[in-house]
Structure formats: structure tokens, C-alpha cells
Amino acid sequence: MTDCIFCKIVGGDIPADKLHDDDLCIAFNDIHPKADIHILVVPKEHIATVADLEEGKHDHLVGHMVNVANKLAKREGAQGYRIQFNVGEKGGQEVFHVHMHLMGWK
Ligand code: 5GP
Ligand code: ZN
């Protein structure tokens, strides 16, 4: 999607502090961290919200993103962490490209 900020980060058109990159997703530091560790895990495919995930097509994606988040939490030295999706404007979502917040404390 051309005017999506996270698609631009996925495509390398906007720089980000990238911590992970694979076939399905990337991860980078949140620009306004709300914890000692605040990483966004973002699928490469443009999907606006978690509510748009399709049964069958995306079944593997979220599990994979959790695996990535677990590895990053360990690597970054989180003693405890929270994994969060904000869904829709009322749910606090500001960027309409699916992203998992990994917020960790050392
Ligand atoms: P949301 O409220 O949509 O769940 O979270 C969006 C998150 O993206 C916010 O925590 C915000 O700080 C982060 N964010 C927004 N724009 C950028 C950006 O250009 N680069 C990075 N690294 N993070 C961003
Ligand atoms: Zn996008």
C-alpha cells in the first residue's frame, strides 16, 4: 500500500531500527517507546487490522509473530513482557497495518 507508513518501512523507503527480518515479518524499535524494550513486529503483507486476518490464509502468521517476539524478548534481556494488538480506532490503533507491540522490562 503506497501511503502506509509500515509498508514503507517494510519496503525500505523509510528507515527503521530493524531487529529482525524474515519471509513473513520484520521487527523494529517503536519510535516512541513506552517500556524499556518496545518493539513492533509487523507482517510484510499489508493487512489493516487484526480483525481483517482471514481464517485459513493467515492462521500461521500470528503464531509466527509470537515466536519472533519471544526470541527478541530473550535476546534484548526482557525479564517480563507484554504482547499487545490494538484493534481499530476505539482500541487505540493509530497505524492501520497490523503490528504486534512487544513491551518488555529489564
Ligand atoms: P498503534 O497505536 O497503532 O497500535 O501503534 C502504532 C505505534 O507505531 C506507536 O507506538 C507509534 O509510536 C509507532 N510508530 C508510528 N510511526 C512510526 C514510525 O514511523 N517509525 C516507528 N519506528 N514507529 C512508529
Ligand atoms: Zn501497510
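Here's what I pulled together on the structure shown here. (Residues numbered from 1 in each chain as written. Chains lettered and ligands numbered in written order. Predicted model: local features only at pLDDT ≥ 70, side-chain atom pairs only at ≥ 80, totals over all residues. Heavy atoms only, no water.)

Some remarks on the sheet that holds strand 4 (residues 80-84)
Working step 1: Spatially, 5 strands are ordered 1-2-3-5-4 in an open sheet, and the strand pairing comes out antiparallel. Of all strands in the sheet, those bounded by a partner on one side alone are strand 1 (18-21) and strand 4. With direction set aside, neighbouring strand axes in the sheet form an average angle of 20°.
Working step 2: Here strand 3 (residues 37-43) pairs with strand 5 (residues 100-105) via 5 bridges, running antiparallel. Looking at strand 5, one finds that H38 is bridged to M103.
Working step 3: In the packing of helix 2 (residues 59-75) onto the sheet, contacts are made with strand 1, strand 2 (25-29), strand 3, strand 4 and strand 5, and the angle to strand 5 comes to roughly 25°. (Pairing = 2+ DSSP bridges. Helix = DSSP H or I, 4+ residues; strand = E, 2+ residues; numbered from the N terminus. Axes fitted to C-alpha atoms, helices over the stretch in contact; angles between N-to-C directions. Contact = heavy atoms within 4.5 Å.)

Overview of the side chain of H101
Working step 1: One can find H101 in strand 5.
Working step 2: A distance of 2.9 Å separates the side chain of H101 from the side chain of H38, its partner in a polar contact.
Working step 3: Apart from residues no more than four positions distant in its own chain, H101 is found in contact with D30, H38, I39, L40, R82, I83, Q84 and N86. (Polar contact = N/O pair within 3.5 Å; in protein donor to acceptor, adjacent residues only side chain to side chain.)

Looking at the site of ligand 1
Working step 1: Around ligand 1 lies a shell of 17 residues, among which D30, G92, E94, H99 and H101 are the nearest.
Working step 2: Within the backbone of N29, a nitrogen or oxygen atom sits 2.9 Å from a nitrogen atom of ligand 1.
Working step 3: Within the backbone of I31, an N or O atom sits 3.3 Å from a nitrogen atom of ligand 1.
Working step 4: Protein contacts shield 86% of the accessible area of ligand 1, which totals 520 Å² for the unbound molecule.
Working step 5: Of all the secondary structure elements, the ones that give two or more residues to the shell around ligand 1 are helix 1 (5-11) and strand 2. (Near = heavy atom within 4 Å. Areas by Shrake-Rupley, 256 points an atom, 1.4 Å probe, with all protein chains shown as cover.)

Examining the pattern of salt bridges
Working step 1: The full count for this structure, using the stated rule, is 4 salt bridges.
Working step 2: For D21, the salt bridge goes to K44, with nearest N and O atoms at 2.8 Å. In this pair, D21 is assigned in strand 1 and K44 in the loop between strand 3 and helix 2, connecting sequence segments 23 residues apart.
Working step 3: For E76, the salt bridge is made with R75, and the minimal N-O distance between the two is 3.8 Å.
Working step 4: Looking at E76, the relative accessible area reads 28%, which means it is partly exposed.
Working step 5: A residue is classified by how much of its surface remains accessible, and R75, at 52% relative accessible area, is exposed.
Working step 6: Residues joined by salt bridges that share partners form a network here, namely K18, D21 and K44. (Salt bridge = Lys/Arg side-chain N within 4 Å of Asp/Glu carboxyl O. Buried < 20%, exposed > 50% of the residue type's maximum accessible area, 1.4 Å probe, protein only.)

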